[in-house]
Amino acid sequence: MAYTAFGEFVRILRIKRHQVMGDMAEILNTSTPFLSAVENGKKNVPDSWIRKIIEYYQLSSEEQEALCEAVEESKLQYKIVSGNAGKNQRKAAVQFARSFEEMDDETALKILELLKNKETNC
């Protein structure tokens, strides 16, 4: 069974605190099957879970950063809201989406370099 980065992160968190999946599902106010689907990459991590995990488990700043990275790595889909975007921004977003699956690592690294100063939030 394949686990996402988020799945690995929360499994380790539960093991350290001697919890089972049902315990965490209760904390997150969800069902165990839904939590399992998220851990296995079948569903995206709900945004509301991030704050709940940080607060309940009193994560350090390093752990919070690791959680945010795990959430980002585990996403199945991303949404671009283009309501205020200009024509060229929209064209760039569409071209990126069309080219994404065929993009090689070199191109991805160039894009990351162009965008490296842009701040991301969990």
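Residues numbered from 1 in each chain as written. Predicted model: local features only at pLDDT ≥ 70, side-chain atom pairs only at ≥ 80, totals over all residues. Heavy atoms only, no water.

## Some thoughts on helix α3 (residues 32-39)
Thinking step 1. When we look at burial in α3, the residues that qualify are L35, A37, V38 and E39.
Thinking step 2. Of the surrounding elements, those touching the buried residues of α3 are α1 (5-16), α2 (21-27) and α4 (47-56).
Thinking step 3. Where α3 begins, the capping side chain belongs to S31, and its oxygen is found 3.1 Å from the backbone nitrogen of F34.
Thinking step 4. Downstream of α3 by a residue or two, G41 has a phi angle that is positive, lying close to 85 degrees. (Buried < 20%, exposed > 50% of the residue type's maximum accessible area, 1.4 Å probe, protein only. Helix = DSSP H or I, 4+ residues; strand = E, 2+ residues; numbered from the N terminus. Contact = heavy atoms within 4.5 Å. Polar contact = N/O pair within 3.5 Å; in protein donor to acceptor, adjacent residues only side chain to side chain.)

## Some words on helix α5 (residues 61-74)
Thinking step 1. Along its 14 residues, α5 runs 20 Å from first to last C-alpha, staying within 8% of the 20 Å computed at 1.5 Å per residue.
Thinking step 2. Of the positions making up α5, those classed as buried are L67, C68, A70, V71 and S74. Looking straight down α5, one finds that the buried residues subtend no more than 160 degrees of arc, so they occupy a single side. Exposed and oriented more than 90 degrees from the buried face of α5 are S61, E62, E65 and E73.
Thinking step 3. Against the buried residues of α5 lie α1 and α4. (Expected span 1.5 Å × (residues − 1). Arc of directions from axis to C-beta.)

## Section: the packing of aromatic side chains
To describe a pair of aromatic rings, you give the distance between the ring centres and the angle between the ring planes.
Thinking step 1. Tallied over the entire structure, the rule returns four aromatic pairs.
Thinking step 2. A centroid spacing of 5.8 Å and a plane angle of 85 degrees characterise the contact between F34 and W49, whose relative ring orientation is edge-to-face. Of this pair, F34 sits in helix α3 while W49 sits in helix α4; the two residues are 15 residues apart in sequence, bridging distant segments of the chain.
Thinking step 3. The partly exposed category is assigned to F34, whose relative accessible area is 28%.
Thinking step 4. Here F96 and F100 contribute two aromatic rings whose centre-to-centre distance is 5.7 Å and whose plane-to-plane angle is 55 degrees, an arrangement assigned as tilted. (Phe/Tyr/Trp six-rings, centres within 6.5 Å; stacked < 30°, edge-to-face > 60°.)

## Examining a negative patch on the surface
Thinking step 1. A contiguous patch of negative charge, built from E62, E65, E69 and E73, is present on the exposed surface.
Thinking step 2. Residue placement: E73 occurs in helix α5. (Patch = residues over 30% accessible without salt bridge, like charges linked within 9 Å, V, L, I, M, F, W, Y side chains within 5 Å. Areas by Shrake-Rupley, 256 points an atom, 1.4 Å probe, with all protein chains shown as cover. Salt bridge = Lys/Arg side-chain N within 4 Å of Asp/Glu carboxyl O. Lys, Arg positive; Asp, Glu negative; His and termini not counted. Charge placed at Lys NZ, Arg CZ, Asp CG, Glu CD.)

## What to know about the pattern of salt bridges
Thinking step 1. The full count for this structure, using the stated rule, is five salt bridges.
Thinking step 2. We note a salt bridge from E39 to R14, for which the minimum N-O separation is 2.6 Å. Within this pair, whereas E39 is found in helix α3, its partner R14 is found in helix α1, the two being separated by 25 residues in sequence.
Thinking step 3. Relative accessible area serves as the criterion here: at 6%, R14 is assigned to the buried category.

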